[in-house]
Amino acid sequence: EDQVTQSPEALRLQEGESSSLNCSYTVSGLRGLFWYRQDPGKGPEFLFTLYSAGEEKEKERLKATLTKKESFLHITAPKPEDSATYLCAVQARMIKAAGNKLTFGGGTRVLVKP
Amino acid sequence: KAGVTQTPRYLIKTRGQQVTLSCSPISGHRSVSWYQQTPGQGLQFLFEYFSETQRNKGNFPGRFSGRQFSNSRSEMNVSTLELGDSALYLCASSAPREGPYNEQFFGPGTRLTVL
């Protein structure tokens, strides 16, 4: 069974204080690892997809990296508008059928104080 | 390009009733997935529809069902509502291509409260 564990559960940062979020996963063949941002009362917003170990992607102050067992989301010099819940999800390779099932971790709530 | 839309945005029902939620995917997207989000269980996969056929199903009871129409719009139905069904129900759409183009884009969700 695919499993995704995110840590820490919550993170309080001062504006400008860089940090990293962790996403550990167990999956029977990784098809893709996805990072989403979710604001309260809204649907998740797509950030990145990573497909193979060693891959990195950047968007503004966010950088996602992937190894064979985990992914990191680095937040560089965060601003208050980066406050949100960050969700990690994996998609497994399916032998018998195609499909888009995502298995999500519990998320990391990030609060950036000015 | 319009995003994923879900209706209604908020719904209040009582135990035992049934409910139907609607999702319109991004234009051109043929895959629609449904997820349930609760504080205790997080985001959990319900089912996925592609070309009007259920392609994958999560571990939810048979009270949860869905369908997809020829224009890719999808509905999900929950019968005999229970208090534990209170949640944010999210719909996500994705393009039909395989490979590095299968990102899922989520709608704003329908907040269901069961009293």
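Going by the structure above, here's the rest.
Residues numbered from 1 in each chain as written. Chains lettered and ligands numbered in written order. Predicted model: local features only at pLDDT ≥ 70, side-chain atom pairs only at ≥ 80, totals over all residues. Heavy atoms only, no water.

Regarding the interface of chain A and chain B
- Contacts between the two partners involve 20 residues from chain A and, on the opposite side, 24 residues from chain B.
- Each partner contributes to the roughly 1700 Å² buried at the junction of chain A and chain B, and carbon and sulfur atoms together form 51% of this total.
- Inspection of the region where chain A meets chain B yields 0 salt bridges.
- Taken together, the connections running from chain A to chain B amount to 8 residue pairs in polar contact (both at pLDDT 80 or more).
- Within the residue set of the side of chain A that touches chain B, elements represented by two or more residues are strand E4 (30-38), strand E5 (45-50) and strand E9 (84-92) of chain A.
- Ranked by residues supplied to the side of chain A that touches chain B, first place goes to E4(A) with 4 residues. (Contact = heavy atoms within 4.5 Å. Buried area = accessible area lost by both parts, 1.4 Å probe. Salt bridge = Lys/Arg side-chain N within 4 Å of Asp/Glu carboxyl O. Polar contact = N/O pair within 3.5 Å; in protein donor to acceptor, adjacent residues only side chain to side chain. Helix = DSSP H or I, 4+ residues; strand = E, 2+ residues; numbered from the N terminus.)

Some words on the sheet that holds strand E1 (residues 5-7) of chain B
Residue and element names in this part refer to chain B.
- Reading across the sheet, the 4 strands line up as E1-E3-E8-E7 and stay open at both edges, with antiparallel pairing between neighbours. A single partner strand is all that each edge strand has here, and the edge strands are E1 and strand E7 (64-68). Each strand axis lies, on average, 20° off the axis of its neighbour in the sheet, ignoring direction.
- As defined by bridge partners, E1 adjoins strand E3 (residues 19-24) across 3 bridges and the pair is classed as antiparallel. Note that in E3 the partner of Gln6 across the bridge is Cys23. (Pairing = 2+ DSSP bridges. Axes fitted to C-alpha atoms, helices over the stretch in contact; angles between N-to-C directions.)

Thoughts on the sheet that holds strand E3 (residues 19-26) of chain A
Residues and elements named next belong to chain A.
- Reading across from one edge, E1-E3-E8-E7-E6 is the order of the 5 strands in this open sheet, with antiparallel pairing throughout. For this open sheet the edge positions go to strand E1 (3-7) and strand E6 (56-59), each flanked by a neighbour on one side alone. In this sheet, neighbouring strand axes are inclined to one another by 15° on average, regardless of whether the strands run parallel or antiparallel.
- For strand E7 (residues 62-66) and strand E8 (residues 70-75), the ladder comprises 5 bridges, and the chain directions are antiparallel. Pairing of Thr65 across the sheet is with Phe72, part of E8.

Digging into the environment of Tyr36(A)
- Tracing the chain through its elements places Tyr36(A) in strand E4.
- The exposure class of Tyr36(A) is buried, given its relative accessible area of 0%.
- Spatially, the C-alpha atoms of Tyr36(A) and Ala84(A) are 10.0 Å apart, while their sequence positions differ by 48 residues.
- Other than its neighbours up to four places away in sequence, Tyr36(A) contacts Pro44(A), Glu45(A), Phe46(A), Leu47(A), Thr85(A), Tyr86(A), Leu87(A), Leu102(A), Phe104(A), Gln104(B) and Phe106(B).
- A distance of 2.6 Å separates the side chain of Tyr36(A) from the backbone oxygen of Gln104(B), its partner in a polar contact. (Buried < 20%, exposed > 50% of the residue type's maximum accessible area, 1.4 Å probe, protein only.)

Structural notes on the environment of Arg61(A)
Residues and elements named next belong to chain A.
- Along the polypeptide, Arg61 turns up in the loop between E6 and E7.
- Separated by 27 residues in sequence, Arg61 and Phe34 place their C-alpha atoms 17 Å apart.
- Non-local contacts of Arg61, meaning those with residues more than four positions away in its chain, are made with His74, Ile75, Thr76, Ala77, Pro78, Lys79, Glu81 and Asp82.
- Reaching out from Arg61, the side chain makes a polar contact with the side chain of Asp82 at a distance of 2.7 Å.

Focus: the side chain of Thr38(B)
- Positionally, Thr38(B) belongs in strand E4 (residues 31-38).
- Excluding anything up to four places from it in sequence, Thr38(B) contacts Ser86(B) and Ala87(B).

Here we look at unusual backbone geometry
- Residue Ser7(A) is joined to Pro8(A) through a cis peptide bond whose omega torsion reads -10°.
- Within the secondary structure layout, Pro8(A) lies in the loop between E1 and strand E2 (10-14).
- In this model, Thr7(B) is joined to Pro8(B) through a cis peptide bond whose omega is -10°.
- With respect to the helices, strands and loops of the structure, Pro8(B) is situated in the loop between E1 and strand E2 (10-13).
- Its identity as a non-glycine residue notwithstanding, Ser72(B) has a phi of 75°, on the positive side.
- Tracing the backbone shows Ser72(B) in the loop between E7 and strand E8 (74-78).

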